[in-house]
Amino acid sequence: MKRVVQRLTYLFLGLSLLMPVAQADSRLDQIKARGELKVCIWPDYFTITYRNPRTNQLEGIDIDMANAFANWLDVQLTYVESSFGALVKNMKNDACDIAMHGVGVRESRKPHMDFSDPHLASGIYAISMKSGDIKSWDDIDQTGNVVVVQKGTYMEPVMRDYLKQAELSVVDSFKAREQEVQSGRADVFMTDFPYGKRMAELTRWARLLIPENPLAPTPYAYAVPKGDKVWLAEVNRFVAAMKESGKLAEYAEKNGLTPILLK
């Protein structure tokens, strides 16, 4: 009886080796099957993924790219409102297929998601009050100054290392950065080119401070759930096609982002 069991075991093992290994469907297959692309966005990101309060419509380079990507895949587009603080969670809980809101490619994020080839790159800028004492970048890192960053952005770890004398304050939302500076509880807040451009153009009180040498230039890309090579390859094919066709450059110019465009 023991020998019979052993023979049957060997037989089943042999058959299992001959059978083709079933491959799990990639996310690309799932998107095609349901006819829908779920895109995570941060709707407060000026010129990137911004809900214009005057029209209540979404606009920005990654809104244009998301629409083009849905057309590329021939599926419906669904936006999922997200944020940088929720990015890791939404890459793991199936909330969206891709995050398209100028996601900085950071080492700390790579264990949780994969990144497409980048399409933009921005360093760090600062916003101060025009009426305040900080009038240039060199005025920032001084004893007694408070510098605000938003939790979850790449500015947070960079400024922890960069600041030697000023105090760092971390807040949960982008609006809190502005409120801290306007209230006088902080002296400057850190941002990138798109948001700095917004503040300089749309407010009367904000002064844009630019470092003499680019600080922590960071590539921006699209983030996808980790481990799906087929889906990532499709995203990269799309990005490459948009660069090659000139459409990415067209969208960058339309949204005032040509200075940070990667070709």
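Conventions adopted
Residues numbered from 1 in each chain as written. Predicted model: local features only at pLDDT ≥ 70, side-chain atom pairs only at ≥ 80, totals over all residues. Heavy atoms only, no water. Helix = DSSP H or I, 4+ residues; strand = E, 2+ residues; numbered from the N terminus. Rg over C-alpha atoms; globule rule 2.2 N^0.38 Å. Buried < 20%, exposed > 50% of the residue type's maximum accessible area, 1.4 Å probe, protein only. Areas by Shrake-Rupley, 256 points an atom, 1.4 Å probe, with all protein chains shown as cover. Lys, Arg positive; Asp, Glu negative; His and termini not counted. Charge placed at Lys NZ, Arg CZ, Asp CG, Glu CD. Disulfide = S-S within 2.5 Å. Arc of directions from axis to C-beta.

**Q** Even after reading the chapter, I still don't get the overall build of the chain, so can you show me in this structure?
**A** When helices and strands are tallied, the chain shows 9 helices and 14 strands. Taking 18 Å as the expected radius of gyration for a compact globule of 263 residues, we find that the chain reaches 23 Å, considerably beyond that expectation. Overall size of the chain, expressed as C-alpha extent along the three principal axes, is 90 × 45 × 30 Å. Looking at the 263 residues of the chain, the share that counts as buried comes to 49%. When the accessible surface of the chain is totalled, it reaches about 13900 Å², and 51% of it is carbon and sulfur. Averaging the coordinates of the 33 positive side-chain charges in the chain and doing the same for the 33 negative ones gives two points 6 Å apart.

**Q** Which parts of the structure should I look at to understand the state of the cysteines?
**A** What we call a disulfide is simply a covalent bond connecting the sulfur atoms of a pair of cysteines. Counted by the stated rule, this structure contains 1 disulfide. A sulfur-sulfur separation of 2.3 Å characterises the disulfide bridge that pairs C40 with C96. Sign of the S-S torsion, about -100 degrees for the bond between C40 and C96, identifies this disulfide as left-handed. Here the residue C40 occupies a position in strand β1 (residues 36-41), and C96 occupies one in the loop between α4 (87-92) and β6 (98-104), the gap between them amounting to 56 residues. As far as burial versus exposure is concerned, C40 and C96 are alike and both buried.

**Q** What should I look at first to understand helix α9 (residues 247-254) in this one?
**A** Side chains that are three or four residues apart share a direction in an α-helix, a result of its 3.6 residues per turn. Within the sequence span of α9, burial applies to L248, Y251 and A252. The buried residues of α9 all sit within an arc of 100 degrees when viewed along its axis, so they share a single face. In α9, those exposed residues whose orientation departs by more than 90 degrees from the buried face are E253 and K254. Phi turns positive, to about 70 degrees, at G256, one or two residues after α9.

In short, geometric facts, not functional conclusions.
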